[in-house]
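Here are the chains, one letter per residue:
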Amino acid sequence: DQGGDTGVEIAVGEICFRYNAHPVLENLSFKIQGGEVVGIVGPNGSGKSTLLGVISRALLPSTGLVSLDTVPIGNLTQRELALSMSVVRQRETVAFDFTVEEVVIMGRYPYMGRLGRETQQDIKAAAAAMAAAGVEHLAARRVSELSGGEFQRVALARALAQDTPIILLDEPTSNLDMKYQVHTLQLLQDLAKQGRTIVVTMHDLSLAAQY
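Cut-off values and rules
- Along each chain, residues carry numbers from 1 onward, in the same order as the chain's sequence is written.
- For a predicted model such as this one, the threshold for reporting local features is a pLDDT of at least 70, and the threshold for listing and counting side-chain atom pairs is 80 or more; totals across whole chains, interfaces and linings nevertheless cover every residue.
- Each side-chain value is worked out from all heavy atoms of the structure, with water and hydrogens disregarded.
- The term salt bridge refers to a side-chain nitrogen of Lys or Arg lying within 4 Å of a carboxyl oxygen of Asp or Glu.
- Between any two strands, pairing holds if DSSP finds at least two bridges.
- Secondary structure elements are taken from DSSP: a helix is a run of H or I of four residues or more, a strand is a run of E of two residues or more, and numbering for both begins at the N terminus.
- For helices, the fitted axis covers only the stretch in contact; all axes are lines through C-alpha atoms, and the angles between them, taken along N-to-C directions, range from 0 to 180 degrees.
- The contact criterion used is simple: two residues touch if any of their non-hydrogen atoms lie within 4.5 Å.

Colleague: I'm lost on the pattern of salt bridges in this one. Help?
Modeller: Two side chains bearing opposite charge may form a pair once their charged atoms approach each other closely. Applying the stated criterion across every chain, the model contains six salt bridges. Linking arginine 18 and glutamate 26 is a salt bridge whose minimum nitrogen-to-oxygen distance equals 3.0 Å. The closest approach of N and O atoms between glutamate 150 and arginine 141, which form a salt bridge, is 3.7 Å. Through salt bridges with shared partners, one network takes in Arg141, Glu145 and Glu150.

Colleague: Explain the sheet that holds strand β8 (residues 197-202) to me, please; I cannot follow it from the model alone.
Modeller: Note on sheets: strands pair through backbone hydrogen bonds, and any given pair is parallel or antiparallel. Taken together, four strands build an open sheet; the order of strands is β3-β8-β7-β6 and the sheet is parallel. Since the sheet does not close on itself, it has two edges, and those belong to β3 (37-41) and β6 (85-88), each with one partner. Between one strand axis and the next, the sheet turns by 15° as a mean value, whatever way the strands run. Across four bridges, the pairing between β6 and strand β7 (residues 166-170) is parallel. Note on β7: the bridge partner recorded for valine 87 is leucine 168. Of the strands in this sheet, β6 and β7 are in contact with helix α5 (residues 148-162), which crosses β6 at around 180°. On top of the sheet, helix α6 (residues 178-193) reaches β3, β7 and β8; it is set at about 155° to β8, its chief contact.

Shown next as structure tokens:
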């Protein structure tokens, strides 16, 4: 899906990654422009999550380079990276039983001062993100009370609250019913039209073809 062209470009150059001696990614190169929704499609175990891990710097490739607007991600501080890119992982856990609102406000941490206290602006951004992800009615619920699909939407809301030019999502529709699958993918298209760079892994070919 083509949108604006004001976002951050991701450049992946000759990436190789291995788990022990097993090659997963071999000499992979591509570029993704701002305003694009790019789907990485393949069966489980094909390296989709590994690729997102490399792009997000959660995994270090054996060779190759990932850059954001020509700046190697290894040169960015953790805060600079968090202001550039948000990640919605396929399997996430929360160490403590926070409320949904507290989890979403965590997306605002890169903007907070040394004391880590949220401002009214952070609270408003979190509220807008929860509304966009369709979880505002869950704000006071504890994450331990959520279904898998509800938590997946909360993780999306946290990424939206982070307000980054790049959003990486690993199988964001896997636990959702059809209504929320459509809602999520349409939301990603809308974000791309605003100039965001969206990368999403999927195994559903029909959904990938539609969006």
